[in-house]
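Structural features, examined
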Amino acid sequence: MKSIKTTPEFMNLEENEIIEALDAFENLFSDDDDVDPSIEPENPIVSEVARLINEYTNRFDELLANNEDGELPEEIFEYEPEIVIERVAYEIFMDAVHDSMQDADEYE
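Now for a description of the structure that goes with this document.

Structural notes on helix α2 (residues 44-66)
With 23 residues, α2 ought to run about 33 Å at 1.5 Å a step, and its terminal C-alpha atoms sit 33 Å apart, in line with that. Residues Ile45, Val46, Glu48, Val49, Leu52, Tyr56, Phe60 and Leu63 constitute the buried set of α2.

Here it is, written out as structure tokens:
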């Protein structure tokens, strides 16, 4: 996970700027079920958060594929991004991992 970094123009953003951009994008849709993933966000902050989440997801998938015992790699739970935008994206990613784990437990 440590190799996933934001680009320089996003390194000094404050958390409130990032949250405001994400909220504005989310407000384009009436509810979570209405979100259209084909819509490209106009705000570059939202695009960068989406890119980071995608990178975290890809890295997670690689770690799972290389983990022969089928357990979640500890690396994902120990990783703590230092840059604010990376941390926000990672928290969103980890929320999705947590939700999918709960969903999987419900179907067992």
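More follows now that the structure is in view.
Comments concerning the side chain of Thr6
In this fold, Thr6 is placed in the segment before α1 (15-26). Setting aside its immediate chain neighbours within four residues, Thr6 contacts Met11, Glu48, Arg51, Leu52, Ile83, Ile85 and Glu86.

Details of the pattern of salt bridges
On inspection of all chains with the given rule, the structure shows 2 salt bridges. For Glu48, the salt bridge goes to Arg51, with nearest N and O atoms at 2.8 Å. Placement of the pair is Glu48 and Arg51 together in helix α2, with a separation of 3 residues, close to one helical turn. For Glu48, a relative accessible area of 6% gives the class buried. Residue classification places Arg51 among the partly exposed positions, given a relative accessible area of 31%. As a salt-bridge pair, Glu62 and Arg59 come within 3.3 Å of each other at their nearest N and O atoms. Residue Glu62 and its partner Arg59 are both found in helix α2; the two are separated by 3 residues, about one turn of the helix. Given a relative accessible area of 43%, Glu62 falls into the partly exposed group. Exposure remark for Arg59: the relative accessible area of 24% places this residue in the partly exposed category.

Points about the packing of aromatic side chains
The tally for this structure, following the rule as stated, stands at 7 aromatic pairs. With 4.9 Å between their ring centres and 75° between their planes, Tyr56 and Tyr90 make a pair best called edge-to-face. Within this pair, whereas Tyr56 is found in helix α2, its partner Tyr90 is found in helix α4 (residues 84-106), the two being separated by 34 residues in sequence. The pair formed by Tyr56 and Tyr90 is uniform in burial state, with each residue classed as buried.

Cut-offs used in this document
- Residues numbered from 1 in each chain as written.
- Predicted model: local features only at pLDDT ≥ 70, side-chain atom pairs only at ≥ 80, totals over all residues.
- Heavy atoms only, no water.
- Helix = DSSP H or I, 4+ residues; strand = E, 2+ residues; numbered from the N terminus.
- Expected span 1.5 Å × (residues − 1).
- Buried < 20%, exposed > 50% of the residue type's maximum accessible area, 1.4 Å probe, protein only.
- Contact = heavy atoms within 4.5 Å.
- Salt bridge = Lys/Arg side-chain N within 4 Å of Asp/Glu carboxyl O.
- Phe/Tyr/Trp six-rings, centres within 6.5 Å; stacked < 30°, edge-to-face > 60°.

Taken by themselves, the reported measurements are silent on function.
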